[in-house]
2 protein chains.
Amino acid sequence: MEAKELLKQHISKTVRLTDEQFDYVFSHFKVQSYKKGQVIVSDGQKVDHEYFVVSGCLKAFYITDEIKMYILQFAMPTWWTSDYGALYNQTRATINVDCIADAEVLQLSNENREKLCSELHQVEHFFRWRTNKGYLASQKRLLSFMNNDTKARYEELLAMYPQLYNLVPKHLIAAYLGVSRETLSRLYNNHK
Amino acid sequence: MEAKELLKQHISKTVRLTDEQFDYVFSHFKVQSYKKGQVIVSDGQKVDHEYFVVSGCLKAFYITDEIKMYILQFAMPTWWTSDYGALYNQTRATINVDCIADAEVLQLSNENREKLCSELHQVEHFFRWRTNKGYLASQKRLLSFMNNDTKARYEELLAMYPQLYNLVPKHLIAAYLGVSRETLSRLYNNHK
DNA sequence: GAGCTTACGTGACCTACATCACATTCGTAT
DNA sequence: ATACGAATGTGATGTAGGTCACGTAAGCTC
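A brief report on the enclosed structure follows. The model shown is predicted, which means the values in this text are computed figures rather than measured ones. (Residues numbered from 1 in each chain as written. Chains lettered and ligands numbered in written order. Predicted model: local features only at pLDDT ≥ 70, side-chain atom pairs only at ≥ 80, totals over all residues. Heavy atoms only, no water.)

**Describing the side chain of T150 of chain A**
- Along the chain, T150 of chain A falls in helix α6 (residues 150-160).
- Ignoring anything within four residues of it in the chain, the contact list for T150 of chain A reads L177, V179 and L187 of chain A. (Helix = DSSP H or I, 4+ residues; strand = E, 2+ residues; numbered from the N terminus. Contact = heavy atoms within 4.5 Å.)

As structure tokens, this is what we get:
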């Protein structure tokens, strides 16, 4: 599906916009393509945009001590991603975003989002709901973290995104689950 | 400080409202008092309100298998709490909220929030930002969970809310950190 | 004040997972 | 096809934290 149409359908699930309104909104986005491995948001840099994924897959992740990586989010089509802390507070990025599989995205600048939100009440409403869904997803993941063991979380993840199994290297799945790649490997090769 | 004044200051940090507008907004809230131990949102019940804490302390928590409890949030003054999943999606509660220390709260119904949001653009803006802050806090906690050991998370929590140390029984702190009360006990009694 | 419940401390033991080390397989560029 | 780096499998070993068990102290309730 075309980028514009995908965004239109996505937004229309939350708010009603006329075609003219949507065209106006869409004019504030910019289509962008990334190759596998390309860096989109980089630790320590300024962050000016958020990204709506049209195709492919991105990851948002945090690096500790230059050594360990924790994945906050695999961004699949119709998901939004960025370093929202840096974006909203106009600080330097602490989160990285890069491209796992060749991707097409729609980028929206912080400035344009706030402009659209103030010009169109429905757009503000849309972003409130989108953020709310993100909040709920994050809360759910936190609970799953406290409550379930690694195996259960692994199965939960694959049940939710079966595509990940083939799309994403296993060590990245481990980094999402918050365990070492060795543990994950033993887990599904079932060495009891 | 009086409830009304506290809410006014809280909102004014994000958006400007005239006195008339604020009075109108405030007229949709209801002052409510709870005693220590009182249940506010209960697993399996309908959820119609969210709560702005004026004084005291609430906790939002999840129960597994009727046995284990995980605390999602200690709600201190100027914090909002509820089962937002159930509230926004109009489903039954899966989260509980109760009162840790005698509390005064302002309750706002889901209906009134949506009404205010659609009537006053600034109110919608306020709630978008509030939710965004919650999202960022949740993401930060998730990272801390993956990254830090129990001791570091314990110290992080107390650094952020020193009041908790005296206000809240230790086993609830443990339930927030996601460890057993025994582990927490050994931790700060420093049995190496 | 007696009795009960809730909070907390601490020892013994067990388990899930981390870490390190090394082998093997896969993917991509030449 | 060859070659090299990245991804993955797997063994050995260490450790944080869970679970169970029991004991003490501190609040409530009658």
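**A look at the protein's contact with DNA strand D**
- As a matter of local geometry, DNA strand D sits amid 19 residues, with K170, R186 and Y188 of chain A together with T150 and T183 of chain B nearest to it.
- In DNA strand D, the atoms that sit within 4 Å of the protein are 57% sugar and phosphate, with bases accounting for the remainder.
- With respect to DNA strand D, the backbone of K170 of chain A contributes an N or O atom lying 2.8 Å from a phosphate oxygen.
- A distance of 3.0 Å separates a phosphate oxygen of DNA strand D from a polar side-chain atom of S185 of chain A.
- Mapped by element, the contributors of at least two residues to the surface near DNA strand D are α8 (170-177) and α9 (181-188) of chain A together with α9 (181-188) of chain B.
- At five residues, the largest contribution of residues to the surface near DNA strand D is made by α9 of chain A.
- In the surface near DNA strand D, the residues fall into three nonpolar, eight polar and eight charged. (Near = heavy atom within 4 Å. Polar contact = N/O pair within 3.5 Å; in protein donor to acceptor, adjacent residues only side chain to side chain. Nonpolar A, V, L, I, M, F, W, Y, C, P; charged D, E, K, R; others polar.)

**Comments concerning the nonpolar core**
- In this structure, L7, L58 and W80 of chain A together with L7 and L58 of chain B are the most contacted members of the largest nonpolar core, which totals 97 residues.
- Among the nonpolar cores identified, the runner-up in size contains 21 residues, and F61, I71, Y161 and L164 of chain B belong to it. (Core = buried A, V, L, I, M, F, W, Y, C linked by side-chain atoms within 4.5 Å. Buried < 20%, exposed > 50% of the residue type's maximum accessible area, 1.4 Å probe, protein only.)

**Some thoughts on the pairing of strand β6 (residues 96-109) of chain B**
All names here are of chain B.
- Most of β6 sits out of view: 12 of its 14 residues are buried.
- Both strand β2 (residues 39-41) and β6 contribute to a ladder of two bridges, which runs antiparallel. When the bridges of β6 are listed, V39 appears paired with D98.
- Judged from the 11 bridges that link them, strand β3 (residues 49-64) and β6 form a sheet pairing that is antiparallel. Note that in β6 the partner of F61 across the bridge is N96. (Pairing = 2+ DSSP bridges.)

**Here's the deal with the protein's contact with DNA strand C**
- Contacts to DNA strand C come from 20 residues, most closely from T150, S180 and T183 of chain A together with K170 and R186 of chain B.
- If you look at DNA strand C and keep only atoms within 4 Å of the protein, 52% of those are sugar or phosphate atoms.
- The contact in question runs from a base nitrogen of DNA strand C to an N or O atom on the side chain of E182 of chain A, over 3.2 Å.
- R186 of chain B places a polar side-chain atom, nitrogen or oxygen, 2.9 Å from a base nitrogen of DNA strand C.
- No other element matches the five residues that α9 of chain B contributes to the surface near DNA strand C.
- Classifying every residue of the surface near DNA strand C by side-chain character gives three nonpolar, eight polar and nine charged.

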